[in-house]
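Below are the chains, spelled out letter by letter.
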Amino acid sequence: MLPAGPRVLPMPDILLATLNARYIHASFGLRYLLANLGELHSRTALLEFDIHQSPLEIVESILARHPRLVGLGVYIWNVRPTLEVVALLKRLRPEIRVVLGGPEVSHEGEQQEIVALADHTIAGEADLAFAPLCRTLLGLPLPDGTPAPAQADRPPRIVAAPLPDLNRLELPYDLYTDADLAHRVIYVEASRGCPFSCEFCLSSLDIPVRQFPLDRFLGAMGRLLDRGARQFKFVDRTFNLNLATSRAILRFFRERWRDGLFLHFEMIPDRLPEPLRQEIAAFPPGALQFEVGIQSFNPDVCARIQRRQDVARLENNLRFLRAETGVHVHADLIAGLPGETLDSFAAGFDRLVALGPQEIQFGILKRLRGTPIARHDHDWAMRYNPLPPYDILENRDLDFPTLQRLRRFARYWDLVSNSGRFPNTLPLVWADAASPFHQFLAWSDWLHAETGQTHAIALDRLARLLHRWLIQQRLLPPDAVRQAMIHDWNRLGRRDLPPWLAPEESSASSEPSPPVRPNAAGRHPARRQKRHLAGSSGTMRNPSVPPRTSPPPPE
């Protein structure tokens, strides 16, 4: 068994580090590297930062440990501050070897400044490639006593890592500390790769799908459960591809059910046969979250980007999940795909709203490094941001102002709908209207005109503005708006009814309050899901579908 957790040593030879998006996200990749360092494990320390920390302070922390080699995980969300970290390290201590890895530097490395600054970059899955590179760079003998390679045999600046044999990998789960289990998202995976070839996705390059030995994986999950882990986020791209494995994993967790257990999976939307449905339906409400990648309902667009999906089956599966299970459904759509017009995207969005997922993740297309979506750049006039996250700025069908409106729509949708705070008020936005999309777009345009903001809008201010818009712009009956909003306000545990919701207050006279810094609450991974569960009879649930009663926990 691996040591109980990563130790911070005062003077390690090797320091593994990365900048996470937030503290709550524990680095899965670094723990894999640490787990597979063999005899170098005891000479290695792991440090995690986040993107809100100063690069100068990060470099100070790294140099305080006097490493000889620093390995940095590079992702789309941290490449810009990590570039600063690498530049500072090489300026202050050029003798320290800097090795990069991660998806952002695994493709088009020769074009990247950060790759040019570093000593070496491992392109691909570095789990088994990192240790031999470290031995070579540090002049250490191999585990069998073979001397280190001569200087002339040193590795190239960009090392192409072959796909690792998953049977040989040491699993990293014992490296999650007790503090990680208590306060952070625990990432796990039963497989790697994806069988599909969607051109916008890096996973389309990860063929074939490979499975970890199931017994070893479930043994590691059991140890995490015994240590108190309750939140598991599976990063498998196609969890329900291998039905036997999917059923075995679901059954494993259901048989070990305990309060607070929460499992997140990414699923193929049109693959949900009856045996798997039975396993899913046996879980209590709120225990499972499925991220369902739909991306587009437009068949021409899907064919153009080589995305295969059976829309009829997809819709049937979503109806099943909403009507007969307690699964929290998080469905994805992408705006900006080549050939997707505003009208066709609106039609797809409305179609998805009618299916009633608790959350719709409205994303803007990104041109990730290495993905073949770039082949459409000329024909569809695709123009992307040259800086991370490389999101689409405009194309032949959507000009820059339209895509800016859609970005704001996505942000406000997250605040009003996905947050689960307005399940009774939200349907009033499109009540009696033909298109939920166009009605919400109208609210989005109005909200931005009023505030000029997409962030730092306090809940009280947001609710007050929504109240005003529904009455003054949509011309809905004030009492109906007030009752829906009071119901939502009380659901949030806010018994202090604001004055502007009191019966004698005129909505026309209420002015938006000044922006207030949002508090730090709501960081528990399942908090939003609990809000949706509490208000499951509202929001986007199909009103013709009765709410599901909770089954008893398994014996």
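The rules behind these values
Residues numbered from 1 in each chain as written. Predicted model: local features only at pLDDT ≥ 70, side-chain atom pairs only at ≥ 80, totals over all residues. Heavy atoms only, no water. Helix = DSSP H or I, 4+ residues; strand = E, 2+ residues; numbered from the N terminus. Buried < 20%, exposed > 50% of the residue type's maximum accessible area, 1.4 Å probe, protein only. Contact = heavy atoms within 4.5 Å. Areas by Shrake-Rupley, 256 points an atom, 1.4 Å probe, with all protein chains shown as cover. Salt bridge = Lys/Arg side-chain N within 4 Å of Asp/Glu carboxyl O. Pairing = 2+ DSSP bridges. Axes fitted to C-alpha atoms, helices over the stretch in contact; angles between N-to-C directions. Expected span 1.5 Å × (residues − 1). Core = buried A, V, L, I, M, F, W, Y, C linked by side-chain atoms within 4.5 Å. Disulfide = S-S within 2.5 Å. Right-handed = clockwise from strand over helix to strand, strands pointing away. Polar contact = N/O pair within 3.5 Å; in protein donor to acceptor, adjacent residues only side chain to side chain.

Visitor: I tried to follow the overall build of the protein chain on my own but got confused; where do I start?
Guide: Within the protein chain one finds 18 helices and 16 strands. In the protein chain, buried positions account for 55% of the 555 residues. Within the protein chain, residue pairs in contact and separated by at least 24 positions form 76% of the contacts whose partners lie at least 6 positions apart. Taken as a whole, the protein chain presents about 23,900 Å² of accessible surface, with 53% of it coming from carbon and sulfur.

Visitor: How should the pattern of salt bridges be read in this particular structure?
Guide: Across all of its chains, the model carries 29 salt bridges by this definition. Across the pair glutamate 48 and arginine 31 runs a salt bridge, and its minimum N-O distance is 2.8 Å. Within this pair, whereas glutamate 48 is found in strand β2 (residues 44–50), its partner arginine 31 is found in helix α1 (residues 28–35), the two being separated by 17 residues in sequence. Within the structure, one salt-bridge network assembled from shared partners comprises Glu125, Asp127, Glu189, Arg192 and Arg210.

Visitor: Would you explain the sheet that holds strand β12 (residues 288–295) in this entry?
Guide: Strand-to-strand pairing in sheets goes through backbone hydrogen bonds, with the strands running parallel or antiparallel. Taken in spatial order, the six strands line up as β7-β10-β11-β12-β13-β14 in an open sheet, and their pairing is parallel. Edge positions in the sheet fall to β7 (186–188) and β14 (359–364), since each has one partner strand and no second. Here the strands of the sheet are splayed against their neighbours by 25° on average, with no regard to which way each runs. As judged from the six bridges shared by β12 and strand β13 (residues 328–335), these two strands associate in the parallel manner.

Visitor: I would appreciate a short explanation of helix α15 (residues 436–451) in the present structure.
Guide: In an α-helix, one full turn covers 3.6 residues, which means residues spaced three or four apart are oriented alike. Relative to the 22 Å expected for 16 residues at 1.5 Å per residue, α15 spans 22 Å between its end C-alpha atoms, a close match to the ideal helical length. The set of residues buried in α15 consists of Pro436, Phe437, Phe440, Leu441, Trp443, Ser444, Trp446, Leu447 and Thr451. Considering only its buried residues, α15 is in contact with α12 (342–355), α13 (400–418), α14 (426–429) and α16 (459–472). Downstream of α15 by one or two residues, glycine 452 has phi in the positive range, about 65°.

Visitor: Help me understand the sheet that holds strand β4 (residues 97–101) in this model?
Guide: The strand order across the open sheet built from six strands is β2-β1-β3-β4-β5-β6, with neighbouring strands paired in parallel fashion. Either end of the sheet is taken by a strand with one partner, and the two such strands are β2 and β6 (158–160). The average angle at which neighbouring strand axes cross in this sheet is 20°, direction not considered. Pairing of strand β3 (residues 69–73) with β4, which is carried by five bridges, proceeds in the parallel orientation. Bridging from a neighbouring strand, leucine 69 pairs with arginine 97 of β4. Taken strand by strand, helix α2 (residues 55–63) contacts β1 (14–20), β2 and β3, and its axis lies near 170° from that of β2.

Visitor: Just checking my understanding: could you explain the nonpolar core for this structure?
Guide: One broad trend across soluble globular proteins is that nonpolar side chains are buried collectively. Tyr173, Phe232, Phe253 and Trp443 are the most contacted members of the largest nonpolar core, which totals 112 residues. Ala45, Ile62, Val85 and Tyr390 belong to the second-largest nonpolar core, a separate cluster that totals 25 residues.

Visitor: Can you help me understand the state of the cysteines in this one?
Guide: Think of a disulfide as a covalent bridge from one cysteine sulfur atom to another cysteine sulfur atom. Enumeration over the complete set of coordinates arrives at zero disulfides. Cysteine cysteine 201 remains unbridged, with the sulfur of cysteine 194 as its closest cysteine sulfur at 6.3 Å. Cysteine cysteine 302 remains unbridged, with the sulfur of cysteine 198 as its closest cysteine sulfur at 8.2 Å. The class for cysteine 302 is buried, based on a relative accessible area of 7%.

Visitor: Would you explain the pairing of β14 in this entry?
Guide: For a regular strand, side chains alternate in direction, first toward one face of the sheet and then toward the other. Summarising burial for β14: five of the six residues are buried, a large majority. The pairing of β13 with β14 spans six bridges and is classified as parallel. Directly across from leucine 333, in β14, lies its bridge partner phenylalanine 362. Handedness of the crossover joining β13 and β14 through α12: right-handed.

Visitor: I would appreciate a short explanation of the environment of alanine 220 in the present structure.
Guide: Mapped onto the fold, alanine 220 is located in helix α7 (residues 214–226). Here alanine 220 falls in the buried class, since its relative accessible area comes to 0%. For the pair alanine 220 and valine 188, spaced 32 residues apart in the sequence, the C-alpha separation amounts to 9.7 Å. Each residue touching alanine 220, except ones within four places of it in the same chain, is listed here: Leu171 and Tyr173.

Visitor: Any chance you could explain unusual backbone geometry here in plain terms?
Guide: Trans peptide bonds make up the majority, and among non-glycine residues the majority have a negative phi. Looking along the chain, the bond that leaves proline 388 and enters proline 389 is cis, with omega of 10°. Here proline 389 lies in the loop between β15 (383–384) and β16 (392–394). With a phi angle near 60°, alanine 456 is a residue other than glycine that sits in the positive phi range. Using a relative accessible area of 37% as the deciding quantity, one classes alanine 456 as partly exposed. For leucine 475, which is not glycine, the phi dihedral falls at a positive 60°.

Visitor: Before we go on, may I ask you to explain the side chain of lysine 90 in this structure?
Guide: Topologically, lysine 90 is positioned in helix α3 (residues 79–92). A polar atom in the side chain of lysine 90 sits 2.8 Å from the backbone oxygen of isoleucine 96. Apart from residues no more than four positions distant in its own chain, lysine 90 is found in contact with Ile96, Val98, Leu117 and Asp119.

The values reported here are purely geometric and, on their own, carry no functional implication.
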